[in-house]
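Structural features, examined
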Amino acid sequence: MGIKEFIGWVTLKDLRQGLGVTLKHLRRPVVTYPYPKQEFLAEERWRGLHTLWKDENTGLERCIGCCLCEKICPNWAITITTSHADDGKKVVDEFIVNAGRCLYCGFCAEVCPVRAIRQSTDYARKVHKRGDIILNKKELLERGGQD
Amino acid sequence: MPALLLLAIKVILTVTVVLLTVAYCVYAERKVIGHMQQRPGPQFVGWRGLLQSPADVLKLIIKEDIVPTKADKFIHFIAPVLCLVPAVLALAPIPFNKSGSLLIADINIGVLYILAVSELGIFGIILAGWGSNSKYSLMGAMRSAAQMVSYEVALGLSLVGVFMMSGSMSMVEISKAQSGSVWYILPQFLGFFVYCVAAVAETNRTPFDLPEAETELVAGFHVEYSGMKFAFFFLAEYTNMIVVSSIAATCFLGGASGWLLPPLVWYLIKVYAFLFIFFWLRATFPRYRYDQLMEIGWKFLIPLALANVVITALIKAYI
Ligand code: SF4
Ligand code: SF4
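Just so it is clear, the model here is predicted, and its values are computed rather than measured.

Tallying the contact residues gives 17 residues for chain B and 16 residues for chain A. Together, the buried faces of chain B and chain A total about 1500 Å²; carbon and sulfur atoms form 73% of this surface. Viewed at the interface, chain A and chain B are joined by zero salt bridges. At the junction of chain B with chain A, the criterion picks out four residue pairs in polar contact (both at pLDDT 80 or more). Of all the elements in the fold, those that place two or more residues in the side of chain B that touches chain A are helix 1 (2-36) and helix 10 (263-284) of chain B. In terms of residue count, the dominant contributor to the side of chain B that touches chain A is helix 10 of chain B (five residues). When its residues are assigned to classes, the side of chain B that touches chain A shows 12 nonpolar, four polar and one charged.

The structure is reproduced here in structure tokens:
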């Protein structure tokens, strides 16, 4: 122990520093939100609840039913049912995102080749019944838009 | 008879004021610690959360009182009372103003009485741990007993210097002795330092809150208590804080003396400053390990306190 450290030890340097830090923070403004009273506005890049998008020219769904998002989802939160139409094209019959299982990692939005599934800034899925937490295709399309 | 009536009024007044202070101490603590962590603290009940304390009290009163099946019913019942009563008793010789007219009892061994009586509260803690018939409670109670025994020595010794300088153990005499000369915090700074550390340990507050270490013992000795019985432990802890703060204000900070403002206000300012330090410490420090706690007590504080006694005696004798 050098002379400097010894003096620091005798005068309780580390304890004094700690007390100084808390005193400094006492004067700083509050950073938390009183949540239900003041709505928290998420940043644009926020990874929130999912949306399905439509093509702005044709008005058709962008999703091509490749099921990549279903595959990559680490929590198996996405379930897609597809079938083939008469002309041989793939149709997405049902697209379910279980928001209760989702961990909002954003993999599904990242992997989608046609940017059909995206994440919105909506972070709160407030429902009364547990089953209602599941988002189906209709609701996902309503939440999304066209571009 | 009027003397007795006056005494009764004084007792009721003191206890009411102290219990109200305790209720708002909890509020102040949550606010101070909250702001130190950059969050607002209680803010929904009443204006800026000012009614949070009455709401908490009401909640504790109407809460169900649970007694564990295997607990010793009588001991489980008596422990919170044994904890609170000594804490309130210790308020008797505290002089809130200079003349001592707001004093319940001017005992000539005032400080000694406070130390002795508040130490009785440890029985409550040990019985609570024992009577609950739970491992966590018992561990908390054992730690508490060990801690109290170690730190009581340092606490007592740190005040001996003050007794030597003032030549008295009465709270009123000690504060009078300081009004003529300097406050004892200057000549007795070593004693003051030891007193502060030992007082925090005595009241089982962070960083010495081993008896109720939430992270390891759940809540320590009061883990099996709920409702009003739990509130008694809470009250006892905060009343003890006020008592040790009052001793510090009287013995080291000149009691009720000060400029301009009335003595009572000065006294309360000093006591509240001490309480603020308690909150500040709680917001800053993590808990000490058990062996570190014992080491600080026996290897640092007691030798320091003894050195302070010797130095004070030498100065008293030769200067
Ligand atoms: S965000 Fe992650 S967890 Fe949620 S649905 Fe997409 S891939 Fe699955
Ligand atoms: S949302 Fe994208 S990734 Fe998922 S099935 Fe449709 S096109 Fe494929």
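Glancing now at unusual backbone geometry. Residues and elements named next belong to chain A. Residues other than glycine seldom take positive phi values, yet Cys67 does so here, at roughly 65 degrees. Structurally, the position occupied by Cys67 is in the loop between strand 1 (50-52) and helix 3 (68-72). Backbone geometry at Tyr104 places phi at a positive 55 degrees, although glycine is not the residue there. Among the secondary structure elements, Tyr104 is positioned in the loop between strand 3 (90-98) and helix 4 (107-111). Look at Tyr104 and you get partly exposed, because its relative accessible area is 24%.

Turning to the site of ligand 1, a few remarks are in order. Taken together, 13 residues lie around ligand 1, and Cys73, Cys102, Cys105, Gly106 and Cys108 of chain A are the ones closest in. Classifying every residue of the shell around ligand 1 gives 10 nonpolar, three polar and no charged.

In the structure shown here, the tally under the stated rule is 13 salt bridges over all chains. Of the charged contacts in the structure, one is a salt bridge between Arg143 of chain A and Glu139 of chain A, with a shortest N-O distance of 3.7 Å. With Arg143 of chain A and Glu139 of chain A both in helix 5 (residues 137-143), this residue pair falls four residues apart, about one helical turn. The salt bridge partner of Asp56 of chain B is Arg30 of chain B, with a shortest N-O separation of 3.5 Å. Here Asp56 of chain B is found in helix 2 (residues 52-62), whereas its partner Arg30 of chain B is found in helix 1, with 26 residues between them in sequence. Owing to a relative accessible area of 22%, Asp56 of chain B belongs among the partly exposed residues under this scheme.

Here is what the cut-offs are and how they apply
Residues numbered from 1 in each chain as written. Chains lettered and ligands numbered in written order. Predicted model: local features only at pLDDT ≥ 70, side-chain atom pairs only at ≥ 80, totals over all residues. Heavy atoms only, no water. Contact = heavy atoms within 4.5 Å. Buried area = accessible area lost by both parts, 1.4 Å probe. Salt bridge = Lys/Arg side-chain N within 4 Å of Asp/Glu carboxyl O. Polar contact = N/O pair within 3.5 Å; in protein donor to acceptor, adjacent residues only side chain to side chain. Helix = DSSP H or I, 4+ residues; strand = E, 2+ residues; numbered from the N terminus. Nonpolar A, V, L, I, M, F, W, Y, C, P; charged D, E, K, R; others polar. Buried < 20%, exposed > 50% of the residue type's maximum accessible area, 1.4 Å probe, protein only. Near = heavy atom within 4 Å.

Any functional reading would require information beyond the geometric quantities listed.
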